[in-house]
Amino acid sequence: MRIKKNIIYLFIPLILVTSCKKSDSDQGDQFYNNKQYEEAIVAFTDFLENNPRNINAIYTRGRSYEELGQLDEAETDFKSALALDDKNVQVLLSLSNLYQKMQKHELALLYADNATEIHGAPAMAFLLKGRAYHQLGNTEEAMKGYNSAIKRNPQFGQAFYYRGMLKLVTDKKQGACGDFKLAIDFNNQQANTALAQYCK
């Protein structure tokens, strides 16, 4: 009887530690979802001390850094997550988007292109590939990227908006205005400004 009690007492601290570590991760997610990014970073950092290979915690901490404008720290976390799973589309897309923000368009293209190579890649992968080509001045490949995004998601307002912007710079104003109208139909707010400015 005494042996059973001793075994139970040995396992209680282990259960408590496991519960705390789980709650650290859950708490980090909750802070992130509530846009409490500094608190999320602290919670995920604590969790990762004992769970250094948890991709979700690394990735979401990176997203928290990104939301705070700490792009170098975000880059480090995204690359760490990718090192653990090099086919993780979400991480690849986040790296591409991050490099767009950092004006590193060749790197943005690299990670977007890698994402499009993965089976079942989402429309966002093709949009980001188009955006990178757009920024690099390759209008033909940019158009292919936007068209591919729209083909995969015919209600992708953001893709219609950027395709419209590309059509403007390639002297296809009528087509651009049509894309802006479709973008508005699919809840892209930026297109309202573009339509008012370019399609009077």
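Relevant structure appears above.
Described below are features of the structure shown in this document. (Residues numbered from 1 in each chain as written. Predicted model: local features only at pLDDT ≥ 70, side-chain atom pairs only at ≥ 80, totals over all residues. Heavy atoms only, no water.)

### A look at the overall build of the chain
When its secondary structure is counted, the chain shows eleven helices and zero strands. Traced from its N-terminal end to its C-terminal end, the chain shows the element sequence α-α-α-α-α-α-α-α-α-α-α. When each of the 200 residues of the chain is scored for burial, the buried share is 42%. Here the analysis covers contacts within the chain between residues at least 6 apart in sequence; of these, 42% occur between residues at least 24 apart. When the accessible surface of the chain is totalled, it reaches about 11700 Å², and 51% of it is carbon and sulfur. (Helix = DSSP H or I, 4+ residues; strand = E, 2+ residues; numbered from the N terminus. Buried < 20%, exposed > 50% of the residue type's maximum accessible area, 1.4 Å probe, protein only. Contact = heavy atoms within 4.5 Å. Areas by Shrake-Rupley, 256 points an atom, 1.4 Å probe, with all protein chains shown as cover.)

### A closer look at the state of the cysteines
Applying the stated criterion to the full structure yields one disulfide. Across a sulfur-sulfur distance of 2.0 Å, Cys177 and Cys199 are joined as a disulfide pair. In this structure, the disulfide formed by Cys177 and Cys199 twists by about -100 degrees around the S-S bond and is classed as left-handed. Residue Cys177 is located in helix 10 (residues 173–185), and its partner Cys199 is located in the segment after helix 11 (190–198); the two are separated by 22 residues in the primary sequence. Look at Cys177 and you get buried, because its relative accessible area is 12%. Judged by its relative accessible area of 21%, Cys199 is partly exposed. (Disulfide = S-S within 2.5 Å.)

### Focus: the nonpolar core
Core analysis: the largest hydrophobic core is formed by 56 residues, its most contacted members being Phe78, Val91, Leu95, Leu127, Ala149, Tyr161 and Phe180. Not counting chain neighbours up to four residues away, the residues in contact with Leu127 comprise Gly145, Tyr146, Ala149, Phe156, Gln158, Ala159 and Tyr162. (Core = buried A, V, L, I, M, F, W, Y, C linked by side-chain atoms within 4.5 Å.)

### Considering the pattern of salt bridges
Taken as a whole, this structure holds nine salt bridges when the rule is applied. The partner of Glu67 in a salt bridge is Arg63, with the nearest N and O atoms 2.9 Å apart. Here Arg63 and Glu67 lie together in helix 3 (residues 55–67), a separation of four residues that amounts to about one turn. What emerges from the salt-bridge pattern is a single network uniting Arg63, Glu66, Glu67 and Lys101. (Salt bridge = Lys/Arg side-chain N within 4 Å of Asp/Glu carboxyl O.)

### Examining the packing of helix 4 (residues 71–84) against helix 5 (residues 89–101)
Running from N to C, helix 4 and helix 5 point in directions that differ by 155 degrees, and their axes come no closer than 10 Å. Accordingly, the angle class assigned to the pair helix 4 and helix 5 is roughly antiparallel. Where helix 4 crosses over helix 5, the two elements pack in a sense that is left-handed. Note on element contacts: helix 5 touches helix 4 through Val91, Leu92, Ser94, Leu95, Leu98, Tyr99 and Lys101, opposite Leu71, Ala74, Glu75, Phe78, Lys79, Ala81 and Leu82. Residue composition of the contact of helix 4 with helix 5, grouped by class: ten nonpolar, one polar and three charged. (Axes fitted to C-alpha atoms, helices over the stretch in contact; angles between N-to-C directions. Parallel < 35°, antiparallel > 145°, perpendicular 65-115°, else oblique. Left-handed = near helix turned anticlockwise from the far one by under 90°. Nonpolar A, V, L, I, M, F, W, Y, C, P; charged D, E, K, R; others polar.)

### A short note on the side chain of Thr60
Relative to the elements of secondary structure, Thr60 occurs in helix 3. Residues in contact with Thr60, not counting those within four places in the same chain, are Asp29, Tyr32 and Phe44.

### Remarks on the packing of aromatic side chains
Per the counting criterion, the structure on display carries seven aromatic pairs. Residues Tyr161 and Tyr162 carry aromatic rings whose centres are separated by 5.0 Å and whose planes lie at 65 degrees to one another, so their mutual orientation is edge-to-face. Ring pairs connect the aromatic residues Tyr146, Tyr161, Tyr162 and Phe180, which therefore count as one cluster. The cationic tip of Arg152 hangs over the ring face of Phe126; the distance from NZ or CZ to the ring centre is 3.9 Å. (Phe/Tyr/Trp six-rings, centres within 6.5 Å; stacked < 30°, edge-to-face > 60°. Lys NZ or Arg CZ within 6 Å of the ring centre and 35° of its normal.)

### Quick notes on helix 6 (residues 105–116)
Compared with the 16 Å implied by 1.5 Å per residue over twelve residues, the 16 Å span of helix 6 between its first and last C-alpha is a close match. Those residues of helix 6 that sit buried are His105, Ala108, Leu109, Tyr111, Ala112, Ala115 and Thr116. Each element contacted by the buried residues of helix 6 is listed here: helix 4, helix 5 and helix 7 (123–136). (Expected span 1.5 Å × (residues − 1).)

### Side note on unusual backbone geometry
At Lys35, a residue that is not glycine, the phi angle is positive and equals roughly 65 degrees. The topology assignment puts Lys35 in the loop between helix 1 (2–33) and helix 2 (37–50). For Lys35, a relative accessible area of 64% puts it in the exposed group. Look at Asp171: it is not a glycine, yet its phi comes out positive at around 60 degrees. Taking relative accessible area as the criterion, Asp171 reaches 73% and is therefore assigned exposed.

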